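The chain contents come next:
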Amino acid sequence: MKRFLPVLFYLSLFLPSRAAVSSAFPAPALPGKTSLSGKVTDKATKAPLTGATIYIPELHSGAVTGADGSYIINDLPKIKVLIQVKYLGYKTLADNVDLNVQTTKDFELDASATEVGEVVITGMSKNTEIKRSPVPIVVVDQKYLEQNLSTNIIDGISRVPGINSVTTGPNVSKPFIRGLGYNRVLTLFEGMRQEGQQWGDEHGIEVDEYGIDRIEIIKGPASLTYGSDAMAGVVNLLTANPVTPGSIRGDFLNNYQSNNGLIGNSLMLEGNQQGIAWRARVSHKMATNYQDPVDGRVYGTSFQETDASASVGINKQWGFSHIGFTVYDDLQEIPDGSRDSTTRKFTKQITEADTFRPIVSDAELKSYNIAVLHQRVQHYRGYINNSFIIGKGKLEVNLGYQQSIRREYSHPEAADIPGLYLFLQTYTYDFKYHFPEWKGVETTVGVNGMYQVNQNKGTEFIIPDYNQFDVGPFAFVKKSFGKLDISGGVRYDNRSFSNSGMYVKPNPSTGFDMQVAPPDTTHASHPFSNYEHTFSGMSGSAGATYVFSDHISFKANIARGFRAPNIAEISANGVHPGTNIYQIGNPDFKPEFSLQEDIGLFLNTNHISGSVELFNNNISNYIFDEKLQGYNGKDSVIVAGNQTFKYEAVNAQLYGGEVSLDIHPHPLDWLHFENALSVIYALNKGGAGIAIPEGAQYLPFIPPLHTRSELLAEIRKKSKHFTATYVKAGVEWYAAQNRAFTAYNTETATPGYTLISAGIGTTVTNTKGTTLFRISLQGTNLGNVAYQSHLSRLKYFEPYPNNTTGHSGIYNMGRNISVKLIIPFDIEKPKG
């Protein structure tokens, strides 16, 4: 409970009370109360559609149609809203409804094998139909997540065209968008920025994957709306919409994966009564060391993760207010790749002197117990999202508090003393006002940012203590001219940053380093000096969408992105535990600025959907990690057993695109043939007067050409006890990546490989049609191919790179079979 006291205090300072709202905005401005009712039917047959979902994203309100296709949504404000209507096997419909003048609305849906009409809430001023957003956006829904095997939530989207992940084993993945990652991709949870030392490689995104229902991804600069760290794009992780009013329900999930013996369980309970919606979830998953055809079981990749979350919200005609809490606690082993030179079996460190390493036993490799050397990543979050209807306008107030606690236990003879111990606190704020629409013009102004404080509490120091304050005002305008939508905006960001100097010397009690302060600095080292700097810059975007017809649309957008250097890039000076790297920063770095052009052509018919999206991105002051070499041409070593890397800055260009084609052959609408291709080229343009050395003409960590094809059969005809049955098989091909940053042995080229996957799933019902459970069987890398992803950090974990086996580094996961069972249950159903 103590951890959440700062959260409650912070929210109490900023949360507008009803009295404050009434004082600031007189009562007559409060909109009247209304409702919306109607029917949802098949456009061709006029038959009612039972179980169709009608949802208003900006109000978090909705309903499900009854047996006669009718619905009603109560307690609505009298404003203009965008409504989304969904039903399996039909085109998703999005339509604007003015609740000032309309209280009934019937919807007719077209039967279709393709899915269009998605409404997105990410990256635009208001909820927008995806085909009318000029910004390149892709949506990953719950169906996709459920039908594709993943080892964590970021792995679940890494096969989407243009999206990849840099990995350190099965539970550690960071998102990459079109070749850019780390602090260039902003991860959001329910629209709130996720802060957890994301500059680091060796831990993943601190989110419960079982609680995510939908993911919206912006593939391009989103600095206009989100500020620094959104230069490459945004990954917005969203939970499920509130349950139907009058309901109390839940579900239990169980997942088993064969490769590392992963066992995952999650229990959720939610309700929505009298305008109050709530949800609670607890989850746990654990796994032993994963295995591949070359290495066998990979020591140091076991993990145990525990998650919990709770939220409650109220929806009324004045708007809504939702508050939520999340807890993430991950015990994650730290692989270092050490092996016996003769047998190639993994070894482990057992003493601080590290003069001898025994071979890890088979029993340890198969154990779920966490090793002495491991990391513990804890993340606590409290947040509140508010939306107040003011006349015909709307004020959004979103506030949050996060604690990120990272401890890496690197002392084998002092198991309870963490080496790296970082304590990060982040306060986020986001205010937006949406003006009433005027002559078809939608205008939004806002300001958002964060205040952040980081402290070191361990015995190993890679970054100093620091604090920073971000503020960014912005304005966004959108205008529709029939089939043509034009939108754009500008923003100015300012980051005030300072870090403290640090003196370090051995603790006489433990022998490990500790921080000391003057005058106790005799014989102390001085790894960090006082540093203050302000980073600022303009960003913006302008774009247009033209809808030629219901089937064809075209998008074009140009955006300028901004990113301030992160703490590691500026100040790092020490061993980065868990990476085998001694990291050096550069305090003279300037902000990165990007200019990206995007164009896209989209086709959606009843039987074919496809797209071609192209981009070109030029970045000034692009910061990347480069290995240092000594004068003898060998790796530079500052601390024994660790390679030395230093951040550098150059000008860069990235360009490429994605192509997708989804065919539903008539009359076999139940059959999908889905195909996708993505390619990225990334060039190091150097700097003024600086020659580019051999092997440095490309940028590091750029994914190769990737194609994916999948044949999916969805058996929609209901039988007595089975419904929503599907069978699928797919193949992914990753080309060889020879465009690597090979200078100074920073990177090596990666051979190509082909992976085969398959899956089957169904929903089992009783005789009344009530769902008993959903079950699926998925398999990846069914050929058990030995491969290394170009974005796998474990590829470089090799103590004997010149061994005679023909293999170097650690390989990716081999064959993996997953069984997932979801059991829903109803405690109280809506009346009527």
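Conventions used here
Residues numbered from 1 in each chain as written. Predicted model: local features only at pLDDT ≥ 70, side-chain atom pairs only at ≥ 80, totals over all residues. Heavy atoms only, no water. Helix = DSSP H or I, 4+ residues; strand = E, 2+ residues; numbered from the N terminus. Rg over C-alpha atoms; globule rule 2.2 N^0.38 Å. Buried < 20%, exposed > 50% of the residue type's maximum accessible area, 1.4 Å probe, protein only. Contact = heavy atoms within 4.5 Å. Areas by Shrake-Rupley, 256 points an atom, 1.4 Å probe, with all protein chains shown as cover. Lys, Arg positive; Asp, Glu negative; His and termini not counted. Charge placed at Lys NZ, Arg CZ, Asp CG, Glu CD. Salt bridge = Lys/Arg side-chain N within 4 Å of Asp/Glu carboxyl O. Pairing = 2+ DSSP bridges. Core = buried A, V, L, I, M, F, W, Y, C linked by side-chain atoms within 4.5 Å. Phe/Tyr/Trp six-rings, centres within 6.5 Å; stacked < 30°, edge-to-face > 60°. Axes fitted to C-alpha atoms, helices over the stretch in contact; angles between N-to-C directions. Polar contact = N/O pair within 3.5 Å; in protein donor to acceptor, adjacent residues only side chain to side chain. pLDDT = per-residue confidence, 0-100.

A.B. asks: Could you give an account of the overall build of the protein chain, naming the residues involved and the relevant values?
C.D. replies: Helices and strands together make up the secondary structure of the protein chain, namely 6 helices and 46 strands. For 832 residues, the compact-globule estimate of 2.2 N^0.38 gives 28 Å, and the C-alpha radius of gyration of the protein chain, at 27 Å, lies within 12% of that figure. Across its three principal axes, the protein chain shows a C-alpha extent of roughly 80 × 60 × 55 Å. Here the protein chain holds 832 residues, and the buried ones make up 56% of them. Within the protein chain, counting contacts between residues at least 6 apart in sequence, those at least 24 apart form 67% of the total. As displayed, the protein chain has an accessible area near 33,400 Å², and 58% of this comes from carbon and sulfur atoms. In the protein chain, 73 positive and 78 negative side-chain charges are present, and the distance between their average locations comes to 6 Å.

A.B. asks: Would you mind going over the environment of L36 in detail, with residue names and values included?
C.D. replies: Looking at the element boundaries, L36 is found in strand β1 (residues 33-42). Apart from the residues within four sequence positions on either side, L36 is in contact with Y71, I72, I73, L76, I83, V97, L99, Q102, T103, T104 and K105.

A.B. asks: Give a description of the pattern of salt bridges that names residues and reports values.
C.D. replies: Counted by the stated rule, this structure contains 39 salt bridges. Between R214 and E216 there is a salt bridge, with its nearest N and O atoms 2.9 Å apart. With a relative accessible area of 1%, E216 lands in the buried category.

A.B. asks: Lay out the sheet that holds strand β12 (residues 173-177) in plain terms, naming residues and giving numbers.
C.D. replies: In spatial order, the strands read β11-β12-β13; together these 3 strands make up an open sheet with antiparallel pairing. Sheet topology places β11 (163-167) and β13 (180-181) at the edges, where each strand pairs with a single neighbour. As defined by bridge partners, β11 adjoins β12 across 5 bridges and the pair is classed as antiparallel. Note that in β12 the partner of S165 across the bridge is P175.

A.B. asks: I'd like to hear about the nonpolar core, residue by residue, with values.
C.D. replies: Generally speaking, a soluble globular protein has its nonpolar side chains buried in company with each other. Within the largest apolar cluster, 36 residues are counted, with the highest numbers of intra-cluster contacts made by I157, I215 and L654. The set of elements that each furnish at least two residues to this core consists of β14 (185-189), β16 (214-219), β17 (233-238), β39 (608-627), β40 (643-663) and β41 (671-686). Among the elements that make up this core, the one with the highest residue count is β39 (4 residues).

A.B. asks: Lay out the packing of aromatic side chains in plain terms, naming residues and giving numbers.
C.D. replies: Two numbers describe a pair of aromatic rings. These are the distance of the centres and the angle of the planes. Applying the stated rule across the entire model yields 19 aromatic pairs. Consider the rings of Y429 and F431, whose centres lie 6.3 Å apart with planes at 40°: the pair is tilted. A relative accessible area of 14% places Y429 in the buried class. Aromatic side chains Y433 and F435 sit 4.8 Å apart centroid to centroid with 85° between the ring planes, which places their arrangement in the edge-to-face category. Residue class for F435 comes out partly exposed when judged on its relative accessible area of 40%. Taken together, the ring pairs connect Y401, Y427 and Y451 into an aromatic cluster.

A.B. asks: Please give an account of unusual backbone geometry that cites residues and values.
C.D. replies: For residues that are not glycine, phi is negative in most cases, and the peptide bond is trans in most cases. With an omega of 10°, the peptide bond running from P518 to P519 counts as cis. You can see P519 is positioned in the loop between β32 (513-516) and β33 (525-528). You will see that K46, though not glycine, has its phi angle at about 65°, which is positive. Topologically, K46 is positioned in the loop between β1 and β2 (53-56). A positive phi is found at N784, a non-glycine position, where the angle reads about 50°. Inspection of the secondary structure assignment puts N784 in the loop between β45 (771-780) and β46 (816-828). Residue classification places N784 among the partly exposed positions, given a relative accessible area of 28%.

A.B. asks: An account of the sheet that holds strand β5 (residues 80-86) is needed here, citing residue identities and associated values.
C.D. replies: The strand order across the open sheet formed by 4 strands is β3-β2-β5-β6, and the pairing between neighbours is antiparallel. Of all strands in the sheet, those with a lone pairing partner are β3 (61-64) and β6 (93-98), marking the two edges. Pairs of neighbouring strands in the sheet enclose a mean axial angle of 20°, with direction left out of account. Pairing of β2 with β5, which is carried by 3 bridges, proceeds in the antiparallel orientation. For T53, the partnering residue across the bridge sits in β5 and is K86.

A.B. asks: Hey, could you go over the side chain of N566 for me, with residue numbers and the actual values?
C.D. replies: Considering the arrangement of structural elements, one finds N566 in the loop between β35 (552-563) and α6 (567-571). Among the polar contacts listed, one links the side chain of N566 to the backbone nitrogen of E569, at a separation of 2.8 Å. If we skip the residues at most four places from it in the chain, N566 touches N183 and W199.

A.B. asks: Let's hear about the confidence of the model for the protein chain: which residues, and what values?
C.D. replies: For residues with low pLDDT, the predicted coordinates do not support detailed interpretation. When pLDDT is averaged along the protein chain, the result is 89, and 93% of the positions lie at 70 or above. This stretch, residues 1-30, has a pLDDT under 50; its non-local contacts, to residues over four places away or in other chains, come to 41 contacts.

A.B. asks: Explain the side chain of T167 to me, and be specific about the residues and the numbers.
C.D. replies: Considering the arrangement of structural elements, one finds T167 in strand β11. Those residues in contact with T167, other than ones at most four positions away along the chain, are V172, S173, L791, S792, R793, L794 and N812.

A.B. asks: Mind laying out the environment of N606, listing which residues take part and the relevant values?
C.D. replies: Checked against the element boundaries, N606 lands in the loop between β38 (592-604) and β39. C-alpha of N606 to C-alpha of I663: the two residues are 57 residues apart in sequence and 9.5 Å apart in space. Within the local environment of N606, its side chain forms a polar contact with the side chain of K91, the two groups lying 3.5 Å apart.

A.B. asks: Residues and numbers for the environment of P57, please.
C.D. replies: Within the fold, P57 resides in the loop between β2 and β3. For P57, a relative accessible area of 11% translates into the label buried. Separated by 722 residues in the primary sequence, P57 and G779 have C-alpha atoms spaced 34 Å apart. If we skip the residues at most four places from it in the chain, P57 touches L82, V119, I121 and N127.

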